[in-house]
Amino acid sequence: MKSWQADGDGAACSMLAEEADMLATLGRQVLGLHRAVIDRTAVESDPVMARLYPDAYEDAADAAEFRRFASGDIAYARMQSMTRMVVDLESALPTEEGGDVVRIEVDAEGADAWLRALGEVRLVLHVRTGQDRAELPDDVTDDDIAQLRDVIDWVGFVQGTLLEALDGRMQG
């Protein structure tokens, strides 16, 4: 991937089609987590859910009440940002063989959605790779975790260069 560059009121970048597809897949997986919150099927004991939807109050009853009333709205708003990123990526993917590089262009609103979505993808991956080995499925190897950490670094690059492009646009 080439770093994001300021482009009008937004930003643009080029990335390999495989990178765009991987990021879209990660985004769809996070969308599934938010959908589970809306459907009230989320596993509250999941460390990822605890980070995405932390208790708003120290008192357990107050936290549960807040979660009951607010989590759906929070999940819906997060789904909008994640969906924007996934749709941007999927619409840039080549429809036939031969397209190795895709160009992604986002306006200011899209860039905002991307920053939020990328942060959530990173958070989910950080939690998963930092979990106690006993909490992970038996077939997850140390190599798998190392590869996920490389993906976390790459997603951090995507997010960081987007932020830099937007910051440069605002200062320039």
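Not measured: the values here are computed from a predicted model.

1. A few points about the packing of aromatic side chains
Considering all chains together, one arrives at two aromatic pairs under this definition. Ring geometry for Trp4 against Trp114: centres 5.2 Å apart, planes inclined by 75°, an arrangement best described as edge-to-face. Here Trp114 lies in helix 4 (residues 108-130) and Trp4 lies in the segment before strand 1 (5-7), a separation of 110 residues in the sequence. Look at Tyr57 and Phe66: their rings are 5.9 Å apart centre to centre, the planes differ by 75°, and that puts the pair in the edge-to-face class. Classification of Phe66 as partly exposed rests on a relative accessible area of 34%. Sitting over the ring of Tyr53, Arg78 keeps its end group 4.8 Å from the ring centre.

2. Some thoughts on the nonpolar core
One finds Trp4, Met85, Leu89, Ile104, Trp114 and Leu162 to be the most contacted residues of the largest nonpolar core, which totals 45 residues. Elements represented by at least two residues in this core include exactly strand 2 (10-16), helix 1 (17-38), helix 2 (47-52), helix 3 (60-92), strand 3 (101-106), helix 4 and helix 5 (142-171). Broken down by element, this core gets its largest block of residues, ten residues, from helix 4.

3. A short note on unusual backbone geometry
The backbone of Arg40 sits at a positive phi, close to 60°, despite the residue not being glycine. Note on placement: Arg40 falls in the loop between helix 1 and helix 2.

4. Things to note about the sheet that holds strand 1
The three strands are arranged 1-2-3 in an open sheet whose pairing can be described as antiparallel. Taken across any chain shown, the strands that pair with only one partner, and hence form the sheet edges, are strand 1 and strand 3. Neighbouring strand axes in the sheet, compared pairwise and without regard to direction, differ in orientation by 35° on average. Bridge count for strand 1 against strand 2 is three bridges, and the pairing is antiparallel. Bridge assignment links Asp7 to a residue of strand 2, and that residue is Gly10.

5. Observations regarding the environment of Met22
Examined against the element boundaries, Met22 turns out to sit in helix 1. Residue classification places Met22 among the partly exposed positions, given a relative accessible area of 30%. The sequence separation of Met22 and Val151 amounts to 129 residues, and the corresponding C-alpha distance is 9.5 Å.

6. Quick look at the pairing of strand 3
Burial of the side chains of strand 3 is restricted to one face: Val102, Ile104 and Val106 are buried, whereas none of Val101, Arg103 and Glu105 on the reverse face is. Note that strand 2 and strand 3 share six bridges and pair antiparallel. Note on strand 3: the bridge partner recorded for Cys13 is Ile104.

7. Focus on the pattern of salt bridges
Scanning all chains against the criterion turns up eleven salt bridges. Notably, a salt bridge pairs Asp112 with Arg116, separated by 3.6 Å at the nearest N-O pair. On the criterion of helical spacing, the pair formed by Asp112 and Arg116 is a turn pair, its members being four residues apart in helix 4. Of the residues examined, Arg116 reaches a relative accessible area of 45% and is grouped as partly exposed. Among the ionic contacts, a cluster of salt bridges with common partners joins Glu44, Asp55 and Arg67.

Rules behind the numbers
- Residues numbered from 1 in each chain as written.
- Predicted model: local features only at pLDDT ≥ 70, side-chain atom pairs only at ≥ 80, totals over all residues.
- Heavy atoms only, no water.
- Phe/Tyr/Trp six-rings, centres within 6.5 Å; stacked < 30°, edge-to-face > 60°.
- Helix = DSSP H or I, 4+ residues; strand = E, 2+ residues; numbered from the N terminus.
- Buried < 20%, exposed > 50% of the residue type's maximum accessible area, 1.4 Å probe, protein only.
- Lys NZ or Arg CZ within 6 Å of the ring centre and 35° of its normal.
- Core = buried A, V, L, I, M, F, W, Y, C linked by side-chain atoms within 4.5 Å.
- Pairing = 2+ DSSP bridges.
- Axes fitted to C-alpha atoms, helices over the stretch in contact; angles between N-to-C directions.
- Salt bridge = Lys/Arg side-chain N within 4 Å of Asp/Glu carboxyl O.

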